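Here's the letter readout for the chains.
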Amino acid sequence: METPKQATWLVRKIFHARHWFDDLGDPNKFSKGENFNIKHAYTSFRPQLPKVQWRALVLLKDVIPRKQFILWMAVQNMLATTDRLVTWIIQVDPLCKLCSIGDIETHKHLFYECTYSRSIWHFLLNWIGIRKQIGEWADEVRWMAKRVNNKNPKWAILGFVFIAVVYHVKEMQEASNNIEEGTLRGQEK
Ligand SMILES: [Zn+2]
(Lines give C-alpha, C1' and ligand atoms only; values in the text may rest on other atoms or scores of the structure.)
Protein backbone atom coordinates (compact mmCIF):
# COMPACT_ATOMS: atom_id res chain seq x y z
CA MET A 1 0.00 0.00 0.00
CA GLU A 2 1.35 3.41 -1.03
CA THR A 3 1.89 6.10 1.60
CA PRO A 4 -1.15 8.44 1.39
CA LYS A 5 -0.06 11.81 -0.02
CA GLN A 6 -2.47 13.80 2.13
CA ALA A 7 -1.47 12.03 5.32
CA THR A 8 -0.05 13.93 8.27
CA TRP A 9 3.65 13.84 8.94
CA LEU A 10 3.17 11.28 11.69
CA VAL A 11 1.15 8.90 9.51
CA ARG A 12 3.72 9.18 6.73
CA LYS A 13 6.48 8.32 9.21
CA ILE A 14 4.55 5.25 10.31
CA PHE A 15 4.15 4.17 6.70
CA HIS A 16 7.85 4.71 6.05
CA ALA A 17 8.67 2.67 9.13
CA ARG A 18 7.02 -0.43 7.70
CA HIS A 19 10.26 -1.63 6.18
CA TRP A 20 11.67 -2.06 9.70
CA PHE A 21 9.33 -4.97 10.16
CA ASP A 22 10.37 -6.46 6.83
CA ASP A 23 14.02 -6.09 7.82
CA LEU A 24 13.30 -7.78 11.14
CA GLY A 25 12.73 -11.08 9.35
CA ASP A 26 11.20 -13.99 11.16
CA PRO A 27 10.07 -12.73 14.61
CA ASN A 28 10.32 -16.27 15.96
CA LYS A 29 14.09 -15.99 16.04
CA PHE A 30 13.69 -13.56 18.95
CA SER A 31 11.45 -15.93 20.89
CA LYS A 32 12.14 -18.59 23.46
CA GLY A 33 9.18 -20.90 23.59
CA GLU A 34 6.18 -18.60 23.66
CA ASN A 35 8.07 -15.58 25.03
CA PHE A 36 9.10 -12.87 22.57
CA ASN A 37 12.34 -11.20 23.71
CA ILE A 38 11.89 -7.51 22.86
CA LYS A 39 15.35 -6.60 24.17
CA HIS A 40 16.99 -9.13 21.84
CA ALA A 41 14.96 -7.84 18.87
CA TYR A 42 15.74 -4.21 19.70
CA THR A 43 19.48 -4.85 20.11
CA SER A 44 19.75 -6.66 16.79
CA PHE A 45 17.73 -3.93 15.13
CA ARG A 46 19.71 -0.93 16.34
CA PRO A 47 22.40 0.33 13.98
CA GLN A 48 25.69 -1.10 15.21
CA LEU A 49 28.40 1.51 15.55
CA PRO A 50 31.11 0.65 13.04
CA LYS A 51 34.74 1.10 13.96
CA VAL A 52 35.10 4.25 11.96
CA GLN A 53 37.18 7.31 12.48
CA TRP A 54 34.61 9.21 14.51
CA ARG A 55 34.14 6.39 17.00
CA ALA A 56 36.47 7.95 19.60
CA LEU A 57 34.58 11.22 19.37
CA VAL A 58 31.14 9.68 19.73
CA LEU A 59 32.32 7.48 22.58
CA LEU A 60 33.86 10.31 24.60
CA LYS A 61 33.09 9.67 28.27
CA ASP A 62 30.69 11.69 30.40
CA VAL A 63 28.78 13.23 27.50
CA ILE A 64 25.07 13.28 28.23
CA PRO A 65 23.18 10.81 26.00
CA ARG A 66 21.09 13.51 24.31
CA LYS A 67 24.22 15.31 23.07
CA GLN A 68 25.86 12.02 22.16
CA PHE A 69 22.83 11.10 20.06
CA ILE A 70 22.82 14.43 18.20
CA LEU A 71 26.53 14.03 17.47
CA TRP A 72 25.96 10.45 16.29
CA MET A 73 23.26 11.70 13.93
CA ALA A 74 25.45 14.59 12.77
CA VAL A 75 28.50 12.48 11.92
CA GLN A 76 26.27 10.41 9.67
CA ASN A 77 24.66 13.49 8.07
CA MET A 78 21.27 12.36 9.34
CA LEU A 79 20.05 15.50 11.09
CA ALA A 80 16.72 16.90 9.95
CA THR A 81 17.89 20.01 8.13
CA THR A 82 15.29 21.95 6.16
CA ASP A 83 16.58 20.73 2.78
CA ARG A 84 15.65 17.22 3.97
CA LEU A 85 12.34 18.28 5.51
CA VAL A 86 11.30 19.65 2.12
CA THR A 87 11.92 16.24 0.55
CA TRP A 88 9.63 14.72 3.20
CA ILE A 89 6.94 17.09 1.86
CA ILE A 90 6.99 19.13 5.05
CA GLN A 91 6.31 22.80 4.42
CA VAL A 92 9.22 24.79 5.72
CA ASP A 93 11.31 27.67 4.42
CA PRO A 94 14.52 25.90 3.30
CA LEU A 95 16.80 28.92 3.82
CA CYS A 96 19.11 29.03 6.83
CA LYS A 97 17.77 31.42 9.48
CA LEU A 98 20.97 31.46 11.53
CA CYS A 99 22.89 33.64 9.09
CA SER A 100 22.13 36.17 6.41
CA ILE A 101 23.95 34.44 3.56
CA GLY A 102 20.68 33.26 2.03
CA ASP A 103 21.85 29.67 1.52
CA ILE A 104 19.67 26.60 1.70
CA GLU A 105 19.97 25.00 5.11
CA THR A 106 21.87 21.83 4.32
CA HIS A 107 24.03 19.82 6.68
CA LYS A 108 27.07 21.08 4.77
CA HIS A 109 25.90 24.66 5.27
CA LEU A 110 25.16 24.28 8.98
CA PHE A 111 28.57 22.71 9.64
CA TYR A 112 30.41 25.02 8.95
CA GLU A 113 29.67 27.18 5.93
CA CYS A 114 27.12 29.08 8.02
CA THR A 115 28.69 32.26 9.41
CA TYR A 116 26.83 31.78 12.71
CA SER A 117 28.04 28.25 13.50
CA ARG A 118 31.44 28.91 11.98
CA SER A 119 32.03 31.97 14.17
CA ILE A 120 31.11 30.03 17.34
CA TRP A 121 33.44 27.14 16.52
CA HIS A 122 36.18 29.58 15.47
CA PHE A 123 35.79 31.64 18.66
CA LEU A 124 35.94 28.59 20.93
CA LEU A 125 38.97 27.15 19.15
CA ASN A 126 40.76 30.48 19.62
CA TRP A 127 39.64 30.60 23.24
CA ILE A 128 41.26 27.22 23.83
CA GLY A 129 44.38 28.47 22.07
CA ILE A 130 44.09 26.59 18.79
CA ARG A 131 44.66 28.45 15.55
CA LYS A 132 43.47 26.53 12.55
CA GLN A 133 41.50 26.93 9.35
CA ILE A 134 37.99 25.59 9.72
CA GLY A 135 37.25 23.11 7.00
CA GLU A 136 34.18 21.22 5.89
CA TRP A 137 32.27 19.07 8.37
CA ALA A 138 34.07 15.85 7.41
CA ASP A 139 37.44 17.59 7.82
CA GLU A 140 36.51 18.90 11.26
CA VAL A 141 35.25 15.50 12.41
CA ARG A 142 38.41 13.84 11.10
CA TRP A 143 40.60 16.46 12.79
CA MET A 144 38.77 16.05 16.10
CA ALA A 145 38.59 12.27 16.00
CA LYS A 146 42.34 12.00 15.48
CA ARG A 147 43.02 13.96 18.62
CA VAL A 148 40.27 13.28 21.08
CA ASN A 149 40.66 10.45 23.54
CA ASN A 150 39.66 9.79 27.09
CA LYS A 151 43.26 9.80 28.36
CA ASN A 152 44.34 13.33 27.44
CA PRO A 153 42.28 15.93 29.36
CA LYS A 154 43.10 18.79 26.96
CA TRP A 155 41.77 16.94 23.94
CA ALA A 156 38.87 15.55 25.92
CA ILE A 157 37.84 19.13 26.78
CA LEU A 158 38.11 20.10 23.13
CA GLY A 159 35.89 17.12 22.33
CA PHE A 160 33.28 18.38 24.82
CA VAL A 161 33.43 21.84 23.23
CA PHE A 162 33.02 20.38 19.75
CA ILE A 163 30.00 18.35 20.84
CA ALA A 164 28.52 21.36 22.64
CA VAL A 165 28.80 23.48 19.48
CA VAL A 166 27.08 20.80 17.38
CA TYR A 167 24.30 20.49 19.96
CA HIS A 168 23.86 24.26 20.26
CA VAL A 169 23.71 24.74 16.48
CA LYS A 170 21.11 21.97 16.23
CA GLU A 171 19.03 23.53 19.00
CA MET A 172 19.19 26.94 17.35
CA GLN A 173 18.32 25.41 13.98
CA GLU A 174 15.23 23.76 15.47
CA ALA A 175 14.21 26.93 17.27
CA SER A 176 14.69 29.11 14.19
CA ASN A 177 12.48 26.79 12.15
CA ASN A 178 9.87 26.43 14.91
CA ILE A 179 10.52 22.70 15.03
CA GLU A 180 9.23 21.21 18.23
CA GLU A 181 12.12 20.00 20.33
CA GLY A 182 13.27 16.49 19.52
CA THR A 183 10.54 15.64 17.06
CA LEU A 184 12.47 16.01 13.84
CA ARG A 185 16.06 15.37 14.76
CA GLY A 186 16.58 13.02 11.91
CA GLN A 187 15.54 9.91 10.14
CA GLU A 188 17.04 7.07 8.28
CA LYS A 189 18.91 7.94 5.11
ZN1 LIG B 1 23.48 29.82 7.88
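Residues numbered from 1 in each chain as written. Predicted model: local features only at pLDDT ≥ 70, side-chain atom pairs only at ≥ 80, totals over all residues. Heavy atoms only, no water.

### Observations concerning the coordination of the zinc ion
Working step 1: Distances from the zinc ion to its protein donors, Cys96 (SG), Cys99 (SG), His109 (NE2) and Cys114 (SG), fall at 2.1 to 2.4 Å.
Working step 2: Classification of the site at the zinc ion rests on its four donor atoms, whose angles at the metal span 100 to 120°, yielding the label tetrahedral.
Working step 3: Summarised as a motif, the one-chain spacing of the donors to the zinc ion is C-x2-C-x9-H-x4-C. In this pair, cysteine 96 is assigned in the loop between helix H6 (82-87) and helix H7 (107-113) and histidine 109 in helix H7, connecting sequence segments 13 residues apart.
Working step 4: When its relative accessible area of 5% is taken as the criterion, cysteine 96 is described as buried.
Working step 5: Residue histidine 109 is classed as buried on the basis of its relative accessible area of 1%. (Donors = N, O, S within 2.8 Å, 3.2 Å for Na, K, Ca; no water. Tetrahedral: all angles 85-135°; square planar, octahedral: opposite > 155°, others 65-115°. Helix = DSSP H or I, 4+ residues; strand = E, 2+ residues; numbered from the N terminus. Buried < 20%, exposed > 50% of the residue type's maximum accessible area, 1.4 Å probe, protein only.)

### Details of the pattern of salt bridges
Working step 1: Inspection of the entire model under this criterion finds five salt bridges.
Working step 2: Salt-bridge contacts for aspartate 139 lead to arginine 142; the nearest nitrogen and oxygen are separated by 3.3 Å. Of this pair, aspartate 139 and arginine 142 are both found in helix H9 (residues 137-147), three residues apart, which corresponds to roughly one turn of the helix.
Working step 3: When salt bridges with common partners are traced through the structure, they connect Lys108, Glu113 and Glu136 into a single cluster. (Salt bridge = Lys/Arg side-chain N within 4 Å of Asp/Glu carboxyl O.)

### What to know about the nonpolar core
Working step 1: Tyr112, Trp121, Trp137, Phe162 and Val166 are the most contacted members of the largest nonpolar core, which totals 40 residues.
Working step 2: Those elements that place two or more of their residues in this core are helix H4 (55-58), helix H5 (65-75), H7, helix H8 (115-128), H9 and helix H10 (153-176). (Core = buried A, V, L, I, M, F, W, Y, C linked by side-chain atoms within 4.5 Å.)

### Some thoughts on the packing of H8 against H10
Working step 1: For the pair H8 and H10, interaxial distance at closest approach is 10 Å and the crossing angle is 160°. Between H8 and H10, the crossing angle belongs to the class labelled roughly antiparallel. Classified by chirality, the crossing of H10 by H8 is right-handed. Between H8 and H10, the residues in contact are Tyr116, Ser117, Ile120, Trp121, Leu124, Leu125 and Ile128 and Leu158, Val161, Phe162, Val165, His168, Val169 and Met172, respectively. (Axes fitted to C-alpha atoms, helices over the stretch in contact; angles between N-to-C directions. Parallel < 35°, antiparallel > 145°, perpendicular 65-115°, else oblique. Left-handed = near helix turned anticlockwise from the far one by under 90°. Contact = heavy atoms within 4.5 Å.)

### Overview of the side chain of serine 117
Working step 1: Tracing the sequence through the fold places serine 117 in helix H8.
Working step 2: A distance of 3.3 Å separates a polar atom in the side chain of serine 117 from the backbone oxygen of cysteine 114.
Working step 3: With near-sequence residues (within four places) excluded, serine 117 lies in contact with Leu110, Tyr112 and Val169. (Polar contact = N/O pair within 3.5 Å; in protein donor to acceptor, adjacent residues only side chain to side chain.)

### With respect to the packing of aromatic side chains
Working step 1: One pass over the structure, following the stated rule, counts eight aromatic pairs.
Working step 2: Ring centres of phenylalanine 69 and tryptophan 72 lie 6.2 Å apart, and the angle between their planes is 25°; on these two criteria the pair is classed as stacked. In this pair, phenylalanine 69 and tryptophan 72 are both assigned in helix H5, three residues apart and thus about one turn of the helix distant.
Working step 3: Residue classification places phenylalanine 69 among the partly exposed positions, given a relative accessible area of 41%.
Working step 4: When the ring of tryptophan 137 is compared with that of phenylalanine 162, the centres are 5.7 Å apart and the planes differ by 15°; the resulting orientation is stacked. Within this pair, whereas tryptophan 137 is found in helix H9, its partner phenylalanine 162 is found in helix H10, the two being separated by 25 residues in sequence.
Working step 5: Among the aromatic side chains, those forming a connected cluster through ring pairs are Phe111, Tyr112, Trp121, Trp137 and Phe162.
Working step 6: Positioned above the aromatic ring of tryptophan 143, the side-chain terminus of lysine 132 is 4.6 Å from the ring centre.
Working step 7: Over the ring of tryptophan 155 we find arginine 147; its NZ or CZ atom is 5.8 Å from the centre of that ring. (Phe/Tyr/Trp six-rings, centres within 6.5 Å; stacked < 30°, edge-to-face > 60°. Lys NZ or Arg CZ within 6 Å of the ring centre and 35° of its normal.)

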